[in-house]
Amino acid sequence: MSSVSHELKDTSVASSKWLDAHYDPVANLYTFSSCIALSDLHGDGENKLVVGDLGTGVCNVKLKVYRGTGVLSESTLLDLPTGLVSFLMDLHEPRTPAIAVASGPFIYVYKNLRPYFKFTLPSLEVNPLEQDVWSQAKEMSLPSSPTLMDVTGQFDVEFRITVACRNGNIYILRRDSPKPKYCIELSSHPVGLVRMGKNVVVGCTHETLHGYTQKGKKLWTAYLPAPVTAMALMDLPTRGFQAVLVGLANCEVHMYRDKNLISTIKTPDVVTSICFGRYGREDGTLIMTTKGGGLIVKILKRTAVFDDRDSAPGPPIAQSIRLNVPKKTKLYVDQTLRERENAVAMHRAFQMDLSRLRLAAARAYVKALESSLTPMSASLTEPLKMNAVVQGLGPSFKLTLNIQNTASCRPVMNLAISFLYDENLYSMRTAFFKIPLLVPGLNYPIDTFVECLSDKGISDIIKVFVLREGKSAPLLTAHINMPVSEGLALN
């Protein structure tokens, strides 16, 4: 939009995903989401904003077309508009869309911003070529008056019509049935209806947002902080991203992907209509009108990234993802029948094996404590901890033992270290030495050197014992897996 009057600027937060392109609080636009559309009316690749303005309800009821932030044209309407849509009515090139406006008992069609057709409902005679289509559509009946409608598919192939009615229910009509195929009973009356993929998102008067499948199965429910005032679909085909925009009475617009709240937009006034799409030459443009007649235009940053992580409290996203469960095979069914018939015997065998496993683990643990085979001391009087580090490529290795007294305030003394190894493979300068007094909480590194005597490329385990004077059993035991001497292999 080259004629934007206000300079583009970032929102209050630097990390905002939107640019504030334009805000006119006195635009005098009073409309709803069903009476606002974006369309390339002239076939020049630049989309215009078409608005069915309600005016004051008595006068100034007009069809307005915006280009950028200025009004391109205005056409007076004789009655309040209830719906507006752009469509292609012919195959002539260049293919420029027309605008259809439902106003009173008429449907006005505008081509090139000029009145083109006027249809009177229902007295207009149907085209003979469409007689069968309308006769079939006429047979579809609903138990209540419709208020919201969404249509998808093709009539002669397959289609679905989702209708929200005044009795608080949503009915889903299909091509092969003159009566509703599915019925969704809501706890409160619907105020917004948006189709997102194969699912339907419904906003209700009790400040809730519900998600349903196209067969009427409920998927999720999100609780809103304020009543819903407007709803619209946010579709970005270039990014493969879809979300639902929900305008609330607390001057906020929430963006939901499934039941996850992924973004919140603050507005200066209550939003009454929302439209997202290509405006001018910007693909990600969000257009909103407010209760006071204002016009807000925001542009999505090209660097904006929406996190699927839900910013609202509740269960994690993974809980709502449906698992792709494979079909049951014959082997699975046979195993299920076998488990059902032998459930008692299988349970007893499982409990027996579990008890044996626990007994074996307990015996191994007691044996390790009694023989001091663990790198941590089980003694309450000498609580010690030790780890070993081997450095070098060979044939000489540096062996560092880190010993720590884990007691709170009592030092440990009169300790010694002894090494047990294969004397045909290794030699040590000092295989036995005493340890100084160990102060609690400090780490004491003790270094020694090991020489590998074999040139056959083999290695072995060196056992380290921490001993206490006057006791035959070691306090700690560590097994060090020595690496292969690479120095000898090179020689």
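Residues numbered from 1 in each chain as written. Predicted model: local features only at pLDDT ≥ 70, side-chain atom pairs only at ≥ 80, totals over all residues. Heavy atoms only, no water.

The name recorded for the protein chain in an unreviewed UniProt entry is BBSome complex member BBS1, from Cyprinus carpio carpio. You can read under Subunit (unreviewed entry) in the UniProt record for the protein chain the words "Part of BBSome complex, that contains BBS1, BBS2, BBS4, BBS5, BBS7, BBS8/TTC8, BBS9 and BBIP10. Interacts with the C-terminus of RAB3IP. Interacts with CCDC28B and ALDOB. Interacts with PKD1." (UniProt positions renumbered as here; feature names shortened; annotations may be inferred.)

## Comments concerning the overall build of the protein chain
Check the secondary structure of the protein chain and you find 4 helices and 33 strands. In the protein chain, buried positions account for 40% of the 491 residues. Per element, the accessible surface of the protein chain, about 28,500 Å² overall, is 55% carbon and sulfur. (Helix = DSSP H or I, 4+ residues; strand = E, 2+ residues; numbered from the N terminus. Buried < 20%, exposed > 50% of the residue type's maximum accessible area, 1.4 Å probe, protein only. Areas by Shrake-Rupley, 256 points an atom, 1.4 Å probe, with all protein chains shown as cover.)

## A few points about the pattern of salt bridges
Tallying each qualifying case throughout the model produces 13 salt bridges. A salt bridge links Lys-62 to Glu-74, with the nearest nitrogen and oxygen atoms 3.1 Å apart. Of the two residues, Lys-62 is situated in strand β5 (residues 62–67) and Glu-74 in strand β6 (residues 70–76); the sequence distance between them amounts to 12 residues. In this structure, Asp-150 engages Arg-195 in a salt bridge whose closest nitrogen and oxygen atoms are separated by 2.9 Å. Placement of the pair is Asp-150 in strand β11 (residues 146–154) and Arg-195 in strand β15 (residues 190–196), with a sequence separation of 45 residues. Assigned by exposure class, Asp-150 and Arg-195 land together as buried. (Salt bridge = Lys/Arg side-chain N within 4 Å of Asp/Glu carboxyl O.)

## Points about the sheet that holds strand β19 (residues 228–236)
A sheet is described by the order of its strands in space; here 4 strands give the open sequence β19-β20-β21-β22, paired in antiparallel fashion. The sheet terminates laterally at β19 and β22 (260–266), the two strands that pair on one side only. Geometrically, the sheet is characterised by an average inter-axis angle of 25° between neighbouring strands, direction not taken into account. Alignment of strand β21 (residues 252–257) against β22, held across 6 bridges, turns out to be antiparallel. Across the sheet, Glu-252 pairs through a bridge with Lys-266, a residue of β22. (Pairing = 2+ DSSP bridges. Axes fitted to C-alpha atoms, helices over the stretch in contact; angles between N-to-C directions.)

## Here we look at the environment of Asn-199
As for its placement among the helices and strands, Asn-199 is situated in strand β16 (residues 199–204). Sequence separation between Asn-199 and Lys-217 is 18 residues, and the spatial gap between their C-alpha atoms is 9.5 Å. Among all residues touching Asn-199, those that are not within four sequence positions of it are Val-194, Tyr-212, Thr-213 and Leu-219. (Contact = heavy atoms within 4.5 Å.)

## Side note on the pairing of β22
Within β22, 5 of the 7 residues are buried, leaving the element largely enclosed by the surrounding structure. Between β21 and β22, which follow one another and run antiparallel, lie 2 residues, and Asp-258 among them has a positive phi close to 60°.

## As for the environment of Ala-232
Within the secondary structure layout, Ala-232 lies in strand β19. Residues Ala-232 and Phe-276, 44 residues apart in the sequence, show an inter-C-alpha distance of 7.4 Å. Apart from the residues lying within four places of it in its own chain, the contact partners of Ala-232 are Val-194, Ala-243, Val-244, Leu-245 and Ile-274.

## Describing the packing of aromatic side chains
Throughout the structure, instances matching the rule amount to 4 aromatic pairs. Ring centres of Phe-106 and Tyr-108 lie 5.9 Å apart, and the angle between their planes is 50°; on these two criteria the pair is classed as tilted. Phe-106 gets classed as partly exposed once you look at its relative accessible area, which sits at 21%. The class for Tyr-108 is buried, based on a relative accessible area of 11%. Between Phe-419 and Phe-433 the ring centres are 6.0 Å apart and the planes differ by 50°, which places this aromatic pair in the tilted class. Of this pair, Phe-419 sits in strand β28 (residues 415–420) while Phe-433 sits in strand β30 (residues 432–435), placing them 14 residues apart in sequence. For Phe-419, a relative accessible area of 6% puts it in the buried group. With relative accessibility at 17%, the residue Phe-433 sits in the buried group. Its end group placed over the ring of Tyr-116, Lys-111 keeps NZ or CZ at 5.8 Å from the ring centre. Lys-118 extends its terminal NZ or CZ atom over the ring of Phe-106, reaching a point 4.1 Å from the ring centre. (Phe/Tyr/Trp six-rings, centres within 6.5 Å; stacked < 30°, edge-to-face > 60°. Lys NZ or Arg CZ within 6 Å of the ring centre and 35° of its normal.)

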